[in-house]
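# Secondary and tertiary structure notes
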Amino acid sequence: MSVYIEEPRYLTAGESCVVAEFADEIDRGANDAVMELKRYMTGQSEIPIIECLPTYRSLAVYFDPTVVSADDVVRVARKAPISVKSDAAAAMTEISIPVCYGGEYGPDIANVAEHAGISEEEVIKRHSSRACHCYMIGFMPGFAYLGGMDESIATPRLTNPRTVIKGGSVGIAGKQTGIYPIDSPGGWQLIGRTPLRLFTPEASRPTLIEAGYEVRFVPVSEEEYKKIEAEVAAGTYKPLITEAK
Amino acid sequence: MELIVKKAGMLTSVQDLGRWGYQSSGVPVAGAMDLPALRLGNTMVGNPENAAALEVTLMGPEIEIKGGGAAVFAGAELGFSVNGKEVGSWNVVLLNDGDVITFKGPRGKGCRGNLCFAGGIDVVPVMGSRSTYTRAKIGGFEGRALKNGDVVKVGEPSPLWKRTGGFNIPEELRLTQDPEAPLALMTGLQEDAFTEEGKKLLFESEYTITAESDRMGCRLEGPKIGHTEKGADIVSDAIPLGAVQIPGHGMPIIMLADRQTTGGYTKIGVLSPLSIEALVQKMPGNKVRFRKAVVQEGADEQKRIKDAVRRVKELYASYVSRPEVKAAAAAAAPLSTHFRLTVEGKSYDITCEEIS
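The model shown is predicted, which means the values in this text are computed figures rather than measured ones.

### A closer look at the overall build of chain B
- Helix and strand counts for chain B stand at 5 helices and 23 strands.
- Considered along the principal axes of its C-alpha atoms, chain B spans approximately 75 × 45 × 40 Å.
- Each of the 356 residues in chain B was classed as buried or not, and the buried ones make up 55%.
- In chain B, 73% of the contacts between residues at least 6 apart in sequence involve partners at least 24 apart.
- A total of about 14,700 Å² of accessible surface is found on chain B, and carbon and sulfur atoms cover 53% of it.

Here's what the structure looks like:
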């Protein structure tokens, strides 16, 4: 695993996409470089671009290959001035996500406990003990990729992905943790579920968590889960969002 | 014109060329599975290439027409018929009030197509697209596949729609793919995460499409592709259309229209656009093979698709202005067409009349 911000790798991704990669691991500096390249590519007017998709560590640039070539895209991307900053990001907005851990809500919590060699209670404690940083939204509508989870509970994905996972499920995949915003297939180890709606297409702001947020998981009982679930359905639940300095 | 859905068919949904520009919010592109067929079908009825159509899967819907218009079925041969009389694919048919569209069933040559109406399907665009993404209930008709009893509106057709009846295009412009040909795989992305033996196996073996395949991805079963010590998991990155993803179980999954924007499994490469078209016409149980291809091949195919669309536009223009139809139209009544043009909030009424 390494970070190569000064010498990004340009990967072939079919005829209509080029991926500029700055690291093969989760790295805040690489993520900053991705955002810088995204700003440059969307701001430049030398070649037309369809869409830029930033991820943790790479930027996918989609284009029409009947208008520009992959070589053109790489040539322009190389011109981007990338000035990587340190991890001095200040704490910003923190959102609390209530989670009912274990049982039918988190059927894989035993896998995670066994992998870490600790009890299920300790998995819950470590998962909710520190806030995680939202690096990007991706994979599906409103899915927040979170970094900074306690690495002692890191667990590989399931080797055979599930075909259906309930929306709101909280999972672990390697060093990442996240929440499935809607019902979907996937391979994350499921440890709990939140009653909150992560994605509301008809709302003016369709995603609950935004890139840059700090996300804190708060353990709740099944009773509390059901109470919040009813409030969410009635539209009376207000998520706890605090501004920190 | 309105479409009264008597029977929805197996899986019928509103799709255009996809919802581009929102992947950074995690919103998948969706759109038609057979993109070249949609572009060609729309062109045949005088629509912009990106107009919305009904994507029909295997067993088509039964639709009663309210009003009048023109339609073409672009894609696999699924027995497209009007009032019981088979029209077939790639033939434009004029529709009258009360006509009933049915599908007689697949002929063993593909399983999908786009029912394109002159004027396009008129649903409210969501984030710039009319495509249906059913998993998040976004876009299309109420965010879902059509159901019995739905009434779907068709937009204002091209003024020349009455002249399109009987228009068809030659075989070579339909871009129908040979189902026996191996799929062109442009290697790249995480290809170094696979063992040499695994890569050799992928290009030398036959794979079977499993029943778990859908609009999101096509799952294959066959010889297991091994990963190097790097493993099958990566820090999630972008998933382009046609990406061949291979998780820890070693079985390829080809990512299609409803794919997630990003994912964390290793990808060995991406299928070429016409190989994607060949694949989406296949059904569970069908076999596929792969061959190694370079990116230039994919770019050349995109040019070929664009050229075919341009050629169809030319044929359409000649068809609607052929002498006999012009003479007949002039004899019946002078063609007059009304437009309402809105420029910066001001509306102008414009009338066009044919004088020769």
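### Describing the nonpolar core
Residues and elements named next belong to chain A.
- Membership of the largest hydrophobic core comes to 28 residues, with the highest contact counts inside it found for I97, I209 and F217.
- The set of elements that each furnish at least two residues to this core consists of strand 5 (93–101), helix 3 (109–116), strand 6 (132–137), strand 7 (144–147), strand 9 (169–173) and strand 13 (214–219).
- Per element, the largest residue contribution to this core is 4 residues, and it comes from strand 5.
- Sequence-distant contacts of I209, defined by excluding residues within four places in its chain, comprise I95, I97, C134, I137, A144, I179, L198 and V215.

### A word on the domain arrangement of chain A
Residue and element names in this part refer to chain A.
- Each assigned domain of chain A is listed with its residue range as follows: domain 1 (9–77) and domain 2 (93–243).
- Computed from C-alpha coordinates alone, the two centres of domain 1 and domain 2 are separated by 29 Å.
- With 8 residues of domain 1 at the interface, the matching set in domain 2 holds 7 residues.
- Between domain 1 and domain 2, the buried area comes to about 720 Å², and carbon and sulfur atoms account for 64% of it.
- If you sort the residues of domain 1 by the area they bury against domain 2, I26, R28 and Y56 come out on top, with a joint share of 70%.
- The interface formed by domain 1 and domain 2 includes 0 salt bridges.
- Between domain 1 and domain 2 we count 2 residue pairs in polar contact (both at pLDDT 80 or more) in total.
- Tallying contributions element by element places helix 1 (residues 28–43) first for the side of domain 1 that touches domain 2, with 3 residues.
- Its residues assigned to classes, the side of domain 1 that touches domain 2 comprises 4 nonpolar, 2 polar and 2 charged.

### Side note on the layout of surface pockets
- Of the volumes computed, that of the largest pocket is approximately 890 Å³.
- Lining the largest pocket are 41 residues, with A:S16, B:W20, B:L35, B:R39 and B:Q302 sitting closest to its centre.
- If you list the elements that add at least two residues to the lining of the largest pocket, you get helix 1 (35–44), strand 19 (267–271), helix 3 (273–280) and helix 4 (295–320) of chain B.
- Ranked by residue count, the leading element in the lining of the largest pocket is helix 4 of chain B, at 6 residues.
- For the lining of the largest pocket, the class distribution of residues is 25 nonpolar, 7 polar and 9 charged.
- Within this model, the second largest pocket holds a volume of roughly 710 Å³.
- Lining the second largest pocket are 30 residues, with B:K109, B:G110, B:T176, B:Q177 and B:P179 positioned closest to its centre.

### Regarding helix 3 of chain B
- Extensive coverage of helix 3 of chain B is indicated by the burial of 8 of its 8 residues.
- Along helix 3 of chain B, the residues classified as buried are B:P273, B:L274, B:S275, B:I276, B:E277, B:A278, B:L279 and B:V280.

### Examining the sheet that holds strand 7 (residues 85–86) of chain B
Residues and elements named next belong to chain B.
- If you walk across this open sheet you meet the 6 strands as 7-6-9-4-1-11, and the pairing is antiparallel. Only two strands of the sheet have a single partner each, and these edge strands are strand 7 and strand 11 (151–153).
- As judged from the 2 bridges shared by strand 6 (residues 80–82) and strand 7, these two strands associate in the antiparallel manner. Residue pairing across strands places V82 opposite K85, the latter belonging to strand 7.

### Observations regarding empty space enclosed by the protein
All names here are of chain A.
- In the structure shown here, the tally under the stated rule is 1 cavity of 30 Å³ or more.
- The calculated volume of the largest cavity comes to roughly 30 Å³.
- Forming the boundary of the largest cavity are Y10, V18, V19, A20, L59, V61, V73, V74 and A77.
- Here the residues of the lining of the largest cavity sort into 9 nonpolar, no polar and no charged.

### Examining the sheet that holds strand 10 (residues 112–117) of chain B
Residues and elements named next belong to chain B.
- Pairing in this open sheet of 5 strands is antiparallel, and the strands run 2-3-10-5-8 from one edge to the other. A strand with exactly one partner marks an edge of an open sheet, and here the two such strands are strand 2 (13–15) and strand 8 (93–95). Neighbouring strand axes in the sheet, compared pairwise and without regard to direction, differ in orientation by 35° on average.
- With 5 bridges connecting them, strand 5 (residues 69–75) and strand 10 associate as antiparallel partners. By the bridge assignment, F73 is partnered in strand 10 with L115.

### Details of helix 3 of chain A
Residues and elements named next belong to chain A.
- I109, V112 and A113 are the residues of helix 3 that are buried. The arc that holds the buried residues of helix 3, viewed along the axis, is 100°, so those residues lie on one side.
- Close packing links the buried residues of helix 3 with strand 5, helix 4 (120–129), strand 9 and strand 12 (189–193).
- Backbone geometry just downstream of helix 3 places G117 in the positive-phi region, at approximately 70°.

### Quick notes on unusual backbone geometry
All names here are of chain B.
- Positive phi values are uncommon outside glycine, yet M127 reaches one of about 50°.
- Among the structural elements, M127 can be located in the loop between strand 10 and strand 11.
- The phi dihedral of L189 falls on the positive side, at around 50°, and the residue is not glycine.
- Its location among the elements puts L189 in the loop between strand 12 (183–187) and helix 2 (196–204).

Conventions used here
- Residues numbered from 1 in each chain as written.
- Chains lettered and ligands numbered in written order.
- Predicted model: local features only at pLDDT ≥ 70, side-chain atom pairs only at ≥ 80, totals over all residues.
- Heavy atoms only, no water.
- Helix = DSSP H or I, 4+ residues; strand = E, 2+ residues; numbered from the N terminus.
- Buried < 20%, exposed > 50% of the residue type's maximum accessible area, 1.4 Å probe, protein only.
- Contact = heavy atoms within 4.5 Å.
- Areas by Shrake-Rupley, 256 points an atom, 1.4 Å probe, with all protein chains shown as cover.
- Core = buried A, V, L, I, M, F, W, Y, C linked by side-chain atoms within 4.5 Å.
- Domains from an automatic or database assignment.
- Buried area = accessible area lost by both parts, 1.4 Å probe.
- Salt bridge = Lys/Arg side-chain N within 4 Å of Asp/Glu carboxyl O.
- Polar contact = N/O pair within 3.5 Å; in protein donor to acceptor, adjacent residues only side chain to side chain.
- Nonpolar A, V, L, I, M, F, W, Y, C, P; charged D, E, K, R; others polar.
- 1 Å grid on protein atoms, 1.4 Å probe; cavity = no way out; pocket = protein on both sides within 12 Å on 5 of 7 lines; lining within 4 Å.
- Points joined across faces, edges and corners; volume = space filled by probe spheres on them.
- Pairing = 2+ DSSP bridges.
- Axes fitted to C-alpha atoms, helices over the stretch in contact; angles between N-to-C directions.
- Arc of directions from axis to C-beta.

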